[in-house]
Amino acid sequence: MGKLITTTKPLIFQSKLLCFSLLYLFTTLFVALYTILSQSKCLFRSSPLDPIQDPLFSYPSSYGEHKYAVSTTRSTCTSPIFFSDYLDVVKEIKNLIKDSSSAEESSALRYMQGNAESFGGNLSIKARFSYFDHQIDNTQVPCGFLKKFPTSDSDRIAMEKCEGVVVVSAIFNDHDKIRQPKGIGGKTVEEVCFFMFIDEVTMKGLEDHGMIGRESKEHKIGVWRIVKVVKELYESPAMNGIIPKYLVHRLFPNSKFSIWVDAKLQLVVDPLLLIHSLVISQNVDMAISKHPYFLHTMEEAMATARWKKWWDINALKHQMETYCEHGLQPWSPTKLPYASDVPDSAVILRRHGVGSNLFSCLMFNELEAFNPRDQLAFAFVRDKMKPNVTINMFEVEVFEQLALEFRHNLKNKRHGSLLSTSARTKRAHPGFLYVNATCCSKCQKYLLTMWDQSNH
């Protein structure tokens with residue numbers, strides 16, 4: 001007879017506790033290794049694209065592009081915004097750009113031409129407000145460029161050649177650092193234009209750090225094409241920055257979408273994904289974040305005066321009284337789907353068309369007339385213009401996922417303080433809230449309504 005052969009399980013498999021322990025150990029090691037090697041440092045978070053890994057520009061150590069980062073509590077592993085597949089987004093946006101060219105020509109705004117003492121014409125209140133109702137298409141709208149925009153011919157030609165998506169920023173008076181966007185896909189560098197507008201002071205700083213050549217006629221830092229504004233059109237550096245911020249559709253007349261990014265921010269999400277998720281998917285003209293704290297325009301006006309964000313307090317009062325007199329109302333649910341009267345305008349996404357272009361023109365006219373604090377004019381222009389502009393006012397949590405924020409350069413050592421010594425704060429006169437002993441002047445009704453809402 002044959003010998004009976006018996007087999008036994010290896011000792012390692014005879015103990016259930018040992019098996020579970022080993023399974024736990026290997027799982028933990030895998031998760032730890034995945035998290036360490038993953039670019040996002042997140043567990044089970046997939047990216048809609050394979051972003052460029054190599055640095056877009058090698059900065060000199062003296063420049064300090066990562067100085068003064070503002071701390072945030074945002075989660076880097078969860079996102080309140082949904083992004084579609086990157087390659088699908090690239091294809092869809094390219095098709096939209098191709099299809100929109102002929103359709104938009106017939107409905108494009110017509111702009112006022114001519115020469116004026118200022119870039120925008122310094123229009124009177126009556127003249128500015130007369131253009132808010134643009135339901136008659138053949139009316140010419142004042143929209144800046146009543147003086148030539150002072151830049152080189154090569155830069156102007158490059159701006160006109162940008163026919164798809166453009167990302168725009170500006171630094172005047174060396175107020176910020178140039179930072180490269182993060183998390184962008186390989187196709188984005190080919191499909192998106194990046195333009196940074198600067199002045200002579202900022203140019204000098206870049207030259208001192210060896211980031212651009214002194215003799216070169218065209219400049220590029222990473223993805224950013226540097227456009228030097230040869231002559232400042234306004235005394236205020238902030239107002240000079242308003243031109244590329246709100247007249248982007250005129251500087252780039254052939255672009256179909258744009259993203260304005262304040263130079264204090266560093267984009268960390270691909271621009272094509274942002275345009276698709278916040279504008280195209282929502283079927284809106286524009287997208288902009290809600291303010292993290294304020295709901296009513298008057299709240300922002302009071303904060304502007306209190307924290308000396310604009311030096312002429314009496315001019316702020318005059319601006320708000322003008323808007324109150326012509327129908328500015330506090331925010332209420334009747335204004336929905338507009339979720340707030342106060343935006344955080346550090347990032348503005350636009351689909352270039354009649355709605356967003358008209359809004360931008362009207363906003364620029366108000367900012368030239370009063371001051372570059374665009375949050376003060378935002379609700380008045382939005383609520384009064386016709387046809388209405390459709391806006392996706394997204395939550396602050398979304399804004400915090402789009403960009404990293406840095407503080408402005410604290411002091412310009414070569415050129416003194418960033419604040420002009422001549423622009424000393426003008427305190428409001430004793431009658432700031434009173435006219436002929438009548439409380440609260442032209443904004444009395446607005447304030448009473450706002451405070452009544454706050455108490456309910």
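Residues numbered from 1 in each chain as written. Predicted model: local features only at pLDDT ≥ 70, side-chain atom pairs only at ≥ 80, totals over all residues. Heavy atoms only, no water.

1. Here's the deal with the overall build of the protein chain
Argument step 1. Secondary structure assignment for the protein chain yields 16 helices and 14 strands.
Argument step 2. Expressed as a percentage of its 456 residues, the buried residues of the protein chain come to 47%.
Argument step 3. In the structure as shown, the protein chain presents an accessible area of about 24300 Å², 55% of it carried by carbon and sulfur atoms. (Helix = DSSP H or I, 4+ residues; strand = E, 2+ residues; numbered from the N terminus. Buried < 20%, exposed > 50% of the residue type's maximum accessible area, 1.4 Å probe, protein only. Areas by Shrake-Rupley, 256 points an atom, 1.4 Å probe, with all protein chains shown as cover.)

2. A closer look at the confidence of the model for the protein chain
Argument step 1. When pLDDT is averaged across the protein chain, the result is 85; 81% of the residues are at 70 or more.
Argument step 2. Predicted confidence for residues 412–422 stays below pLDDT 50, and this span has 16 contacts to residues more than four positions away or in other chains. (pLDDT = per-residue confidence, 0-100. Contact = heavy atoms within 4.5 Å.)

3. Description of empty space enclosed by the protein
Argument step 1. The tally for this structure, following the rule as stated, stands at two cavities of 30 Å³ or more.
Argument step 2. The space that makes up the largest cavity amounts to roughly 90 Å³.
Argument step 3. If you trace the largest cavity, you find 16 residues lining it, with R179, W224, V261, L265 and L267 closest to the centre.
Argument step 4. Elements that contribute at least two residues to the lining of the largest cavity include exactly β3 (165–171), β4 (192–198) and β8 (265–267).
Argument step 5. Here the residues of the lining of the largest cavity are counted per class, giving ten nonpolar, three polar and three charged.
Argument step 6. Considering each element in turn, the lining of the second largest cavity owes the most residues, four residues, to helix α3 (residues 86–105).
Argument step 7. Taken together, the residues of the lining of the second largest cavity sort by class into five nonpolar, one polar and two charged. (1 Å grid on protein atoms, 1.4 Å probe; cavity = no way out; pocket = protein on both sides within 12 Å on 5 of 7 lines; lining within 4 Å. Points joined across faces, edges and corners; volume = space filled by probe spheres on them. Nonpolar A, V, L, I, M, F, W, Y, C, P; charged D, E, K, R; others polar.)

4. Some words on unusual backbone geometry
Argument step 1. Cis geometry is adopted by the peptide bond preceding P337, which originates at L336 and carries an omega value of 15°.
Argument step 2. For P337, the location among the structural elements is in the loop between α12 (313–325) and β10 (343–351).
Argument step 3. Residue K386 is joined to P387 through a cis peptide bond whose omega torsion reads 0°.
Argument step 4. Unlike most non-glycine residues, F145 shows phi in positive territory, near 60°.
Argument step 5. Residue position: F145 is located in the loop between β2 (140–141) and α5 (153–161).

5. With respect to the sheet that holds β10
Argument step 1. Pairing is mixed across the open sheet formed by eight strands, whose spatial order is β5-β6-β4-β3-β7-β10-β9-β11. The open sheet terminates on both sides in strands that have one partner only, identified here as β5 (219–221) and β11 (391–394). Averaged over all adjacent pairs, the angle separating strand axes in this sheet is 25°, with direction ignored.
Argument step 2. Both strand β9 (residues 286–290) and β10 contribute to a ladder of five bridges, which runs antiparallel. Opposite A287, over in β10, you have L349 as the bridge partner. (Pairing = 2+ DSSP bridges. Axes fitted to C-alpha atoms, helices over the stretch in contact; angles between N-to-C directions.)

6. Brief notes about the pattern of salt bridges
Argument step 1. Inspection of every chain in the model, using the stated rule, returns 18 salt bridges.
Argument step 2. Measuring nitrogen to oxygen at the nearest pair gives 3.7 Å for the salt bridge that ties E218 to R225.
Argument step 3. The buried category is assigned to R225, whose relative accessible area is 16%.
Argument step 4. Of the charged contacts in the structure, one is a salt bridge between K335 and D383, with a shortest N-O distance of 2.8 Å. Of this pair, K335 sits in the loop between α12 and β10 while D383 sits in helix α14 (residues 374–384), and the two are 48 residues apart along the sequence.
Argument step 5. A residue is classified by how much of its surface remains accessible, and K335, at 12% relative accessible area, is buried.
Argument step 6. A relative accessible area of 30% places D383 in the partly exposed class.
Argument step 7. Residues participating in the shared-partner salt-bridge network are K335, D341, R382 and D383. (Salt bridge = Lys/Arg side-chain N within 4 Å of Asp/Glu carboxyl O.)

7. Digging into the state of the cysteines
Argument step 1. Using the criterion set out here, one finds three disulfides in the structure.
Argument step 2. A sulfur-sulfur separation of 2.1 Å characterises the disulfide bridge that pairs C143 with C361. Between C143 and C361, the S-S dihedral sits near -80°, and the bridge is therefore left-handed. Placement of C143 in the loop between β2 and α5 and of C361 in helix α13 (residues 354–369) is noted, with a sequence separation of 218 residues between them.
Argument step 3. One disulfide in the model links C324 with C443; its S-S distance is 2.2 Å. Taking the sign of the S-S torsion, about 105° here, the bridge from C324 to C443 comes out right-handed. Of the two residues, C324 is situated in helix α12 and C443 in the loop between β14 (438–439) and α16 (444–454); the sequence distance between them amounts to 119 residues. Of the two residues, C324 and C443, neither departs from the other in class, the shared state being buried. (Disulfide = S-S within 2.5 Å.)

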